[in-house]
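Next come the chains, spelled out residue by residue.
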Amino acid sequence: MRTAVYEQYGGPDVVRIVEAGVPGIGDTDVLVRVDATVVGASDSAGRWGTPRFARLFFGLTRPKHPVLGTDFAGVVERVGGSVTRFAAGDRVFGTVAPLLGAHAEFVKVPEHGAIVHVPDQVDQAEAVALVDGFLTALPFLRDGAKVRPGQTVLVNGASGTVGSAAVQLAKHFGATVVGVCSGSNESLVRSIGADRVIDYTRDDFTDARDAYDVVFDAVGKRSFGQSRKALTPTGVYLTTVPSLAIMLQAPFTRWFSRGRRAGILFTGLRGAQAKAADFALLVELLEAGALTPVIDRVVPFDDIVDAHRRVDTGHKTGSVVVAVTTAGRRMPQRRGAAAS
């Protein structure tokens, strides 16, 4: 099979496609032929080896996990002898996180891991585009912020992979949603559920006072200190990007503050069972038409370096999907899709 590997830290050009052996499977494993995967911010960080402490996972001096990628959508190639949930030919999607290796033509996944059937009305590119954003945003909003009807939730980076999922989930939970993005993405963010949009190039959401029950910084651009006064007296600030400041603020405000607090979750490290339960909700929402995949572009596997370049710009809208086979190349016509 073909895999996209990197053997040294650096820019997009360190990635190249090589041949490798197809993974062997055990009695309870599922082998999936990957039709589509995603290059995301975590892949960019892993490729660069930044922040430096991330090298404790990726490798101190050189990558120890040469194949990046966590999310996949494809077709079951074969199953182990004890597998009952899946059969050859089933369309499936899921994640191998916290492991890596989805930037390949085949992945091996435990039957009871984070893998589910793709709903009939969704294609492979749409399915895989939702995985990272949904599995990240859901724990932050549901568990970290406990979003409920009547609250006002601000999502910073509302047009990105995580942000676009957060806008839709916050709306699903009954909140009034304020999205922060560039003016060029305002119509997109409104179309997926935002009640109001702030163009960050013209206005600063942190100028508000006591306005938001939740500030979810999906891109790590504004700190708790900068956002604090914009929160209601009992408001919650959450960020996806680790820093020394948030690592100290999160426990301090949780234990000692009776008012505004800060938090961070490491959603990629959650166990397979927790992710499998979240996938069940994802499928339910997809079948109900309550979620819209937001896709920046679909890039052929041979051009995966271009996908890395796009992610590195920091200006993608939604997910950058990599079509590993022709089945993953159909560009969705649903709202939120952009031409490649």
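All values reported here derive from a predicted model rather than from experimental measurement.

**Q** I tried to follow the overall build of the chain on my own but got confused; where do I start?
**A** Along the backbone of the chain there are 9 helices and 15 strands. Taken against the 2.2 N^0.38 rule, which gives 20 Å for 340 residues, the C-alpha radius of gyration of the chain at 20 Å falls within 12% of a compact globule. Summarising its shape, the C-alpha atoms of the chain cover approximately 55 × 45 × 40 Å along the three principal directions. Looking at the chain residue by residue over its 340 residues, the buried ones come to 55%. Long-range pairs, those at least 24 residues apart, make up 69% of the contacts in the chain between residues at least 6 apart in sequence. Distance between charge centres in the chain, computed from 38 positive and 34 negative side chains, equals 7 Å.

**Q** Is there a simple way to think about the pattern of salt bridges in this case?
**A** For side chains of opposite charge, pairing can occur when their charged atoms come near one another. With the rule as written, the count across this model stands at 17 salt bridges. Arg 190 is paired through a salt bridge with Glu 186; the nearest N and O atoms lie 3.0 Å apart. Residue Arg 190 and its partner Glu 186 are located together in helix 5 (residues 186-191), separated by 4 residues, close to a single helical turn. When its relative accessible area of 38% is taken as the criterion, Arg 190 is described as partly exposed. The salt bridge involving Arg 270 is made with Asp 278; its shortest N-O contact spans 2.9 Å.

**Q** Before we go on, may I ask you to explain the pairing of strand 11 (residues 212-217) in this structure?
**A** A regular strand places its side chains on the two faces of the sheet in alternate fashion. Most of strand 11 is tucked away, with 6 of its 6 residues classed as buried. Here 5 bridges tie strand 11 to strand 12 (residues 231-239), and the two strands are oriented parallel to one another. Paired with Phe 216 across the two strands is Leu 238, which belongs to strand 12.

**Q** Before we go on, may I ask you to explain the packing of aromatic side chains in this structure?
**A** Two aromatic rings, taken as a pair, are described by how far apart their centres are and by the angle between their planes. The full count for this structure, using the stated rule, is 6 aromatic pairs. Taking 5.4 Å as the distance between ring centres and 90° as the angle between the ring planes, the aromatic pair formed by Phe 93 and Phe 279 counts as edge-to-face. With Phe 93 in strand 5 (residues 91-95) and Phe 279 in helix 8 (residues 272-287), this pair connects stretches of sequence that are 186 residues apart. You can call Phe 93 buried: its relative accessible area is 0%.

**Q** Could you clarify how one ought to interpret the confidence of the model for the chain in this entry?
**A** For the chain, per-residue confidence averages 94 on the pLDDT scale, and 96% of positions sit at 70 or higher. Within the model, pLDDT remains below 50 along residues 332-340, and this stretch shows 28 contacts once partners closer than five positions in the same chain are excluded.

**Q** What am I meant to see in the domain arrangement of the chain here?
**A** Taken as a whole, the chain is organised into domain 1 (2-118 + 294-323) and domain 2 (133-267). Placing a centre on the C-alpha atoms of domain 1 and another on those of domain 2 gives a separation of 28 Å. Listed as interface residues are 7 residues of domain 1 and, on the opposing side, 9 residues of domain 2. Interface area for domain 1 against domain 2, summed over the two sides, is near 580 Å², with a carbon-plus-sulfur share of 58%. Among the residues domain 1 hides against domain 2, the three largest losses belong to Val 294, Lys 316 and Thr 317. Together they make up 56% of the total. Applying the counting rule to domain 1 against domain 2 returns 0 salt bridges. When the residues that make up the side of domain 1 that touches domain 2 are grouped by side-chain class, the tally is 2 nonpolar, 4 polar and 1 charged.

**Q** What is the right way to read the side chain of Thr 152 from this model?
**A** As for its position among the elements, Thr 152 is in strand 8 (residues 152-156). Contacts of Thr 152, omitting those with residues within four sequence positions, involve Thr 176, Val 178, Ala 211, Tyr 212, Asp 213 and Val 214.

**Q** Could you clarify how one ought to interpret the sheet that holds strand 12 in this entry?
**A** The strands making up a sheet are joined through hydrogen bonds of the backbone, oriented either antiparallel or parallel. Taken in spatial order, the 6 strands make up an open sheet running 10-9-8-11-12-13, and their pairing is parallel. What marks the edges here is a single partner per strand, and that holds for strand 10 (196-199) and strand 13 (261-264). Pairs of neighbouring strands in the sheet enclose a mean axial angle of 20°, with direction left out of account. Here strand 12 runs beside strand 13; their pairing, made up of 4 bridges, is parallel. Residue pairing for strand 13: Tyr 237 is matched across the bridge by Ala 262.

**Q** I'm lost on the nonpolar core in this one. Help?
**A** If you look at the biggest cluster of nonpolar residues, it comprises 56 residues, and the most contacted ones within it are Phe 93, Leu 141, Phe 216 and Val 321. The greatest single-element share of this core, amounting to 12 residues, is contributed by helix 3 (residues 124-144). Viewed by domain, this core spans two of them, domain 1 (2-118 + 294-323) and domain 2 (133-267), each represented by three or more residues. Setting aside residues up to four positions removed in sequence, Val 321 forms contacts with Ala 36, Thr 37, Val 38, Ala 125, Val 128, Ala 129, Ile 295, Arg 297, Val 298 and Val 299. Val 15, Val 83, Val 320 and Val 322 belong to the second-largest nonpolar core, a separate cluster that totals 31 residues.

Parameters and conventions
Here the residue numbers are simple positions, counted from 1 along each chain's written sequence. A pLDDT threshold of at least 70 governs which residues receive local features in this predicted model, and a stricter bar of 80 or more applies before side-chain atom pairs are shown or counted, although totals over entire chains, interfaces and linings include all residues. As a rule here, side-chain values come from all non-hydrogen atoms in the structure, and water together with hydrogens is ignored. Strands are runs of DSSP state E lasting at least two residues, helices are runs of H or I lasting at least four, and both sets are numbered from the N terminus onward. Two things to know: the radius of gyration comes from C-alpha atoms, and the globule rule equals 2.2 Å times the number of residues to the power 0.38. Think of it in three bands: residues with accessible area under 20% of the maximum for their type are buried, residues over 50% are exposed, and the middle band is partly exposed, with areas taken using a 1.4 Å probe on protein chains only. In what follows, residue pairs with any heavy atoms lying within 4.5 Å of each other are defined as contacts. Here the positive residues are Lys and Arg and the negative ones are Asp and Glu; neither His nor the chain ends is included. To locate a charge, take NZ of a lysine, CZ of an arginine, CG of an aspartate or CD of a glutamate. What counts as a salt bridge is simple: a side-chain nitrogen of Lys or Arg found within 4 Å of a carboxyl oxygen of Asp or Glu. Being paired, for any two strands, means DSSP has found at least two bridges between them. Pairing of aromatic side chains here covers Phe, Tyr and the six-membered ring of Trp, requires ring centres within 6.5 Å, and sorts the geometry by plane angle: under 30 degrees stacked, over 60 edge-to-face, intermediate tilted. For every residue, the predictor reports its confidence as pLDDT, a number between 0 and 100. For every domain, the bounds stem from an assignment made automatically or drawn from a database. Buried area: the accessible surface (1.4 Å probe) lost by two parts on joining, summed over both. Basically, the charged four are Asp, Glu, Lys and Arg, the nonpolar ten are Ala, Val, Leu, Ile, Met, Phe, Trp, Tyr, Cys and Pro, and anything else, Gly included, counts as polar. Whenever a helix is involved, its axis is fitted only over the stretch in contact; in every case the axis is a line through C-alpha atoms, and angles between N-to-C directions fall within 0 to 180 degrees. Among the buried residues, those of types Ala, Val, Leu, Ile, Met, Phe, Trp, Tyr and Cys that are joined through side-chain atoms within 4.5 Å form a nonpolar core.

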